[in-house]
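Observations on the model geometry
Listed below are the residues making up each chain.
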Amino acid sequence: MSFPLYNTFKNNSDITNKELTLNEKEELITMIDSFQKNEHKSHELIYALIRSHQLEDDSITYTSLPYECKEQKSGIKFNVSKLPAKLQQILYAFSKKHVEELKSEQSVKRF
């Protein structure tokens, strides 16, 4: 089964197998935290990207929560450093684009 959003970022030539720098990891965390708390779609997309990567690119045994993610009352929590480098890059690129889209939507709603 294929997830088009994942494929878009996976096939992007800017996505490398290089682990994010510490500053990029912190920026990623800030971007994910900035998604509106009541807007679960953003977090669902992040999880879908993580799961898609696991299902498509890893030969590990599939568990209910990939890459040592933990389920908490507030949702799924993951440690960026425990994610594969390419997945880190995908999440970073997606989050940057998603933040831009959310800002664009907010500016349209003001009119």
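Our subject is the structure listed above.
Below is a short write-up of the structure.

Scanning the protein from N- to C-terminus turns up four helices and two strands. In the protein, the succession of helices and strands from N to C terminus is α-α-α-β-β-α. Burial analysis of the protein (111 residues in total) assigns 33% to the buried set. Restricting to contacts in the protein with at least 6 residues of sequence separation, those with at least 24 account for 66%. If you sum the accessible surface of the protein, you get close to 7,600 Å²; carbon and sulfur atoms cover 52% of it.

Below, the discussion takes up the pattern of salt bridges. Using the criterion set out here, one finds three salt bridges in the structure. The closest approach of N and O atoms between K25 and E19, which form a salt bridge, is 2.6 Å. Of the residues examined, K25 reaches a relative accessible area of 11% and is grouped as buried.

A word on the nonpolar core. Ranked by size, the top nonpolar core spans 21 residues in total, and within it L28, I46 and L91 carry the most contacts. For this core, the elements supplying multiple residues, two or more each, are α1 (4-10), α2 (22-34), α3 (40-57) and α4 (85-109).

Here α2 is 13 residues long and its end C-alpha atoms lie 18 Å apart, about the 18 Å a rise of 1.5 Å per residue gives. When α2 is considered as a whole, its buried residues turn out to be K25, L28, M31 and I32. All buried residues of α2 project into a common sector of 125 degrees when viewed along the axis, lining one side. Opposite the packed face of α2, turned more than 90 degrees from it, sit the exposed residues L22, N23 and T30.

Moving on to the packing of aromatic side chains. Applying the stated criterion across every chain, the model contains one aromatic pair. Look at F9 and F94: their rings are 6.0 Å apart centre to centre, the planes differ by 85 degrees, and that puts the pair in the edge-to-face class. With F9 in helix α1 and F94 in helix α4, this residue pair connects regions lying 85 residues apart in the sequence. According to the relative accessible area criterion, F94 is buried, its value standing at 5%.

About the criteria used
Residues numbered from 1 in each chain as written. Predicted model: local features only at pLDDT ≥ 70, side-chain atom pairs only at ≥ 80, totals over all residues. Heavy atoms only, no water. Helix = DSSP H or I, 4+ residues; strand = E, 2+ residues; numbered from the N terminus. Buried < 20%, exposed > 50% of the residue type's maximum accessible area, 1.4 Å probe, protein only. Contact = heavy atoms within 4.5 Å. Areas by Shrake-Rupley, 256 points an atom, 1.4 Å probe, with all protein chains shown as cover. Salt bridge = Lys/Arg side-chain N within 4 Å of Asp/Glu carboxyl O. Core = buried A, V, L, I, M, F, W, Y, C linked by side-chain atoms within 4.5 Å. Expected span 1.5 Å × (residues − 1). Arc of directions from axis to C-beta. Phe/Tyr/Trp six-rings, centres within 6.5 Å; stacked < 30°, edge-to-face > 60°.

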